[in-house]
Amino acid sequence: MSRYCTLHLEGDALPFDLDRTLSCGQVFRWEKKGHWWCGVLGQKPVLIRQEGDLLHFSGAPEEDISRYFDLDLDLEEILAGFPDDPILLQAIDSAYGLRIVRQPAWECTASYIVATFANIPGIQTRLKLLCERFGERIGDGHTAFPSPEKLAASPLCDIRSCRVGYRDKYLCGTAAILSADHGWEERIAALPYRDARRELLRLPGVGKKVADCILLFAFHRFEAVPVDVWIDRIMRTHYLEEDTRYSYDRIADAARQIFGPNAGYAQEYLFAAREMIPDMRKK
DNA sequence: GGTAGACCTGACGA
DNA sequence: GTCGTCAGGTCTA
């Protein structure tokens, strides 16, 4: 491991909370060992820790760290632009400094295909197995995320041995499509939100929720609002009429209407604070 | 365009 | 130890 560097957080880089950013459930491969978070950026093993306004790290150049954690984004402005809403304010207070990281598009896509209908510890186990089995060794016991080419060329039974269950064919199918479609990332990035989502929905294993996760976490389309069971619950019990039926799009549209153009960020704070937000159904 | 049922698996609590 | 429930949903009919 190379020498440590220190980044002084100031200006737009604040607020930033490394622990909240890496433990909120948006990424699955970072591991905390002692005070240090261990992870992989691209093909490089990275160590990183935060001490107040100082970010100590090794394994990657400062610009990669800054870009990954989106430290040029004026987060304060986004948070200040949300409505004066008690539930969201509580969520922001409890997760203050959480930033949506810039995930590599393929890794994000594959991760959220694996993440469907599963819980976070299970997702972490599966991704770890996939990386150990198919990822390139990059030193220090780390592996890069498996390439789409590698997964596309692997037998389904090998993929399934990573305990991904019925998602094996989705993962393999999407890997085959994307590995043959160079430039898909640029194309998605250039499309308006609705068109980009429509494109992603053509991939096997990618429904509305996963497409919104990809757009939010990899492409930073902050109007994308992934509606999972938790957000569904929170929106129904606190923002909508509880006994009415709502489709996925109606809930996402309602979130955009209530929280504005950065509703995806609001969603992430609500998700991070999900355990604290009362579930009216239990009353 | 909306709905119901099936679905791998593992974490977690009773 | 065992069992039931639930989980960052998608697909098919």
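Residues numbered from 1 in each chain as written. Chains lettered and ligands numbered in written order. Predicted model: local features only at pLDDT ≥ 70, side-chain atom pairs only at ≥ 80, totals over all residues. Heavy atoms only, no water.

A look at the pairing of strand E5 (residues 54-58)
Line of reasoning, step 1. E5 sits mainly inside the fold: 4 of its 5 residues count as buried.
Line of reasoning, step 2. When strand E1 (residues 5-8) meets E5, the two strands line up antiparallel, connected through 4 bridges. The residue bridging Cys 5 from the neighbouring strand is Phe 57, located in E5.
Line of reasoning, step 3. Pairing of strand E4 (residues 44-51) with E5, which is carried by 5 bridges, proceeds in the antiparallel orientation. The partner of Leu 47 across the bridge, within E5, is Ser 58. (Buried < 20%, exposed > 50% of the residue type's maximum accessible area, 1.4 Å probe, protein only. Helix = DSSP H or I, 4+ residues; strand = E, 2+ residues; numbered from the N terminus. Pairing = 2+ DSSP bridges.)

So, the protein's contact with DNA strand B
Line of reasoning, step 1. Residues in close proximity to DNA strand B include Phe 117, Asn 119, Pro 121, Gly 122, Thr 125, Arg 126, Arg 160, Arg 163, Gly 165, Tyr 166, Arg 167 and Arg 245, which together make up its full environment.
Line of reasoning, step 2. Among the atoms of DNA strand B lying within 4 Å of the protein, the sugar-phosphate backbone contributes 59%.
Line of reasoning, step 3. Take Thr 125: an N or O atom from its side chain is 3.5 Å from a phosphate oxygen of DNA strand B.
Line of reasoning, step 4. In this structure, Tyr 166 approaches DNA strand B through a main-chain N or O atom, which is 3.4 Å from a sugar or linking oxygen.
Line of reasoning, step 5. Of all the secondary structure elements, the ones that give two or more residues to the surface near DNA strand B are helix H6 (120-134) and helix H8 (156-164).
Line of reasoning, step 6. A per-element tally of the surface near DNA strand B places H6 first, with 4 residues.
Line of reasoning, step 7. For the surface near DNA strand B, a count of residues per class yields 3 nonpolar, 4 polar and 5 charged. (Near = heavy atom within 4 Å. Polar contact = N/O pair within 3.5 Å; in protein donor to acceptor, adjacent residues only side chain to side chain. Nonpolar A, V, L, I, M, F, W, Y, C, P; charged D, E, K, R; others polar.)

Considerations on the packing of aromatic side chains
Line of reasoning, step 1. Throughout the structure, instances matching the rule amount to 12 aromatic pairs.
Line of reasoning, step 2. Centre to centre, the rings of Trp 184 and Phe 219 are 6.3 Å apart; their planes meet at 70°, and the pair counts as edge-to-face. Here the residue Trp 184 occupies a position in helix H10 (residues 184-190), and Phe 219 occupies one in the loop between helix H12 (208-217) and helix H13 (229-238), the gap between them amounting to 35 residues. Considered together, Trp 184 and Phe 219 belong to a single accessibility category, that of buried residues.
Line of reasoning, step 3. Here Phe 222 and Tyr 265 contribute two aromatic rings whose centre-to-centre distance is 4.9 Å and whose plane-to-plane angle is 70°, an arrangement assigned as edge-to-face. On the criterion of sequence distance, the pair formed by Phe 222 in the loop between H12 and H13 and Tyr 265 in helix H15 (residues 263-272) is long-range, its members being 43 residues apart.
Line of reasoning, step 4. Given the relative accessible area of 10%, Phe 222 is considered buried. (Phe/Tyr/Trp six-rings, centres within 6.5 Å; stacked < 30°, edge-to-face > 60°.)

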